[in-house]
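# Residue-level structural notes
Residue-level listing of the chains:
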Amino acid sequence: MEFEQLKNYYKILRGEKEAKFLKANIDLLIKKVEKIMEKCTLCERKCKVNRLEGEVGFCRVPNKMLIASEFLHYGEEFFFVPSHTIFFMGCNFHCQFCQNWSISQWYEEGYEIEPRELAEIIRIRKLQGSKNVNFVGGEPTPYLLWILKTLKELKDLNVNIPIIWNSNFYMTKKVMKILNKVVDVYLPDFKYGNDECARKLSLVENYVEVVARNLLLAKGEIVIRHLILPNHVECCSYQVLEWIAKNLGNKCIVNIMDQYTPYYKVWEREDLVYLRRGISREEFEKVVRKAEELGITFIV
């Protein structure tokens, strides 16, 4: 089964089309990112620390590439598997229910890897059957410089493989322009339908405005992930789906995710007691019905 929304992705898989990074001026993009990192504004937190000198901001990512793991992932969307997922350390969000909290919040150290080494691993994983490279975390945005350097090495190896940007989508407009040169498929989270919930649960400001803006700026194919949260159907799920229907229509695919599991800070914060359960069948069915009513292309 092929989706019209992923036609370019399928063409790359079949060898009928080149991945974007193979045609990009990556040296120029690297210079642009280095300039941004002198006073870091890769994401909308805009910490303005000199990342090139080893200063760290909210994400705590140092001046090197640190990953937690990489492997062929069979648990992603069915049209992406096997997906070569590369999990980066650190994140610019503090999601109170994060399932990857040990990676995103630095309870693990990760291990350093050089761009050439990672490119060679990507090449080998493709030979093993990977359909794409899936940059995730944590959050990949703080590592954009090293990801571009990896793509440069991959370009030298002449490996034609789709690039997936699996992200919370809180990057700045400058970064979106750069990503549009190298990313084939965007795989963003759209967690919240309002800023109050985003502030409370991910400790982030202006969430809806930033994510919505970046979705409209994205020049590539889009699969939006929406994780249903307990007691957040009306305030978040409905609002997210309605925005998608109004602004993107059937230009994207929405993955309605029912696998919320209580992790991390929900067991420490008394105001988040209501998140200490999975979603109910009723909550899931209400969100699916809303997607059907809105005519959205979705999977579950």
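These remarks concern the structure in this document.

Cut-offs and rules
- Residues numbered from 1 in each chain as written.
- Predicted model: local features only at pLDDT ≥ 70, side-chain atom pairs only at ≥ 80, totals over all residues.
- Heavy atoms only, no water.
- Buried < 20%, exposed > 50% of the residue type's maximum accessible area, 1.4 Å probe, protein only.
- Helix = DSSP H or I, 4+ residues; strand = E, 2+ residues; numbered from the N terminus.
- Pairing = 2+ DSSP bridges.
- Right-handed = clockwise from strand over helix to strand, strands pointing away.
- Polar contact = N/O pair within 3.5 Å; in protein donor to acceptor, adjacent residues only side chain to side chain.
- Salt bridge = Lys/Arg side-chain N within 4 Å of Asp/Glu carboxyl O.
- Phe/Tyr/Trp six-rings, centres within 6.5 Å; stacked < 30°, edge-to-face > 60°.
- Lys NZ or Arg CZ within 6 Å of the ring centre and 35° of its normal.
- Expected span 1.5 Å × (residues − 1).
- Contact = heavy atoms within 4.5 Å.

### Some points on the pairing of strand β5 (residues 163–167)
Across the five residues of β5, five count as buried, placing the element largely inside the fold. Covered by surrounding structure in β5 are Ile-163, Trp-165 and Ser-167 together with Ile-164 and Asn-166, the residues of both alternating faces. Examined bridge by bridge, strand β4 (residues 133–136) and β5 share three bridges and lie parallel to one another. By the bridge assignment, Asn-134 is partnered in β5 with Ile-164. Each parallel crossover has a hand, and the one from β4 via helix α5 (residues 144–156) to β5 is right-handed. Of the strand pairs in this sheet, β5 and strand β6 (residues 185–188) are connected by four bridges, and their pairing is parallel. Looking across to β6, one finds that Trp-165 is bridged to Tyr-186.

### Side note on unusual backbone geometry
Along the chain, Val-81 connects to Pro-82 via a cis peptide bond; the corresponding omega equals -5 degrees. Among the structural elements, Pro-82 can be located in the loop between β1 (66–73) and β2 (83–88). At the junction of Gly-137 and Gly-138, the peptide bond is cis and its omega measures out at 15 degrees in the coordinates. Here Gly-138 shows up in the loop between β4 and α5. Of note, Lys-48 is a non-glycine position whose phi angle comes to about 60 degrees, a positive value. Within the fold, Lys-48 resides in the loop between α2 (26–38) and β1. Here Phe-169, not a glycine, exhibits a phi torsion of approximately 65 degrees, which is positive. Looking at the secondary structure, you find Phe-169 in the loop between β5 and α6 (173–179).

### What to know about the environment of Asn-247
Secondary-structure assignment places Asn-247 in helix α9 (residues 233–247). Taking the C-alpha atoms as reference points, Asn-247 and Leu-216, 31 residues apart in sequence, are found 8.0 Å from one another. Polar side-chain contacts of Asn-247 include one of 2.9 Å to the backbone oxygen of Trp-243.

### Observations concerning the pattern of salt bridges
Scanning all chains against the criterion turns up 21 salt bridges. Between Arg-213 and Glu-44 there is a salt bridge, with its nearest N and O atoms 2.9 Å apart. One end of the pair, Arg-213, is in helix α8 (residues 207–217); the other, Glu-44, is in the loop between α2 and β1, and 169 residues separate them in sequence. For Arg-225, the salt bridge identified is with Glu-77, shortest N-O distance 2.8 Å.

### Topic: the packing of aromatic side chains
The geometry of an aromatic ring pair is captured by the separation of the ring centres together with the interplanar angle, meaning the angle of the planes. Inspection of the entire model under this criterion finds 21 aromatic pairs. Between Phe-93 and Tyr-170 the ring centres are 5.3 Å apart and the planes differ by 70 degrees, which places this aromatic pair in the edge-to-face class. Taken together, the residues Phe-93 in the loop between β2 and α3 (101–104) and Tyr-170 in the loop between β5 and α6 connect sequence positions 77 residues apart. Accessibility classification places Phe-93 together with Tyr-170 in one group, the buried group. Among the aromatic residues, those joined into a ring-pair cluster are Phe-3, Tyr-9, Tyr-10, Phe-78, Phe-79 and Phe-80. Positioned above the aromatic ring of Phe-58 is the side chain of Arg-45, whose terminal nitrogen or guanidinium carbon lies 3.6 Å from the ring centre. For the cation-ring pair, Lys-290 lies above Tyr-238, with the distance from its terminal atom to the ring centre recorded as 4.7 Å.

### With respect to α5
Here α5 spans 18 Å end to end across 13 residues, near enough to the 18 Å set by a 1.5 Å rise per residue. The complete set of buried residues in α5 reads Leu-144, Leu-145, Trp-146, Ile-147, Leu-148, Thr-150, Leu-151 and Leu-154. Packed against the buried residues of α5 are α2, β2, α4 (115–127), β4, β5 and α6. Asn-158 occupies a position one or two residues after α5 and carries a positive phi of about 55 degrees.

### Looking at the pairing of β6
What you see with β6 is no split at all: Val-185 and Leu-187 on one side and Tyr-186 and Pro-188 on the other are buried throughout. Relative to strand β7 (residues 221–227), β6 is paired through two bridges, and the arrangement is parallel. Paired with Tyr-186 across the strands is Ile-222, a residue of β7.

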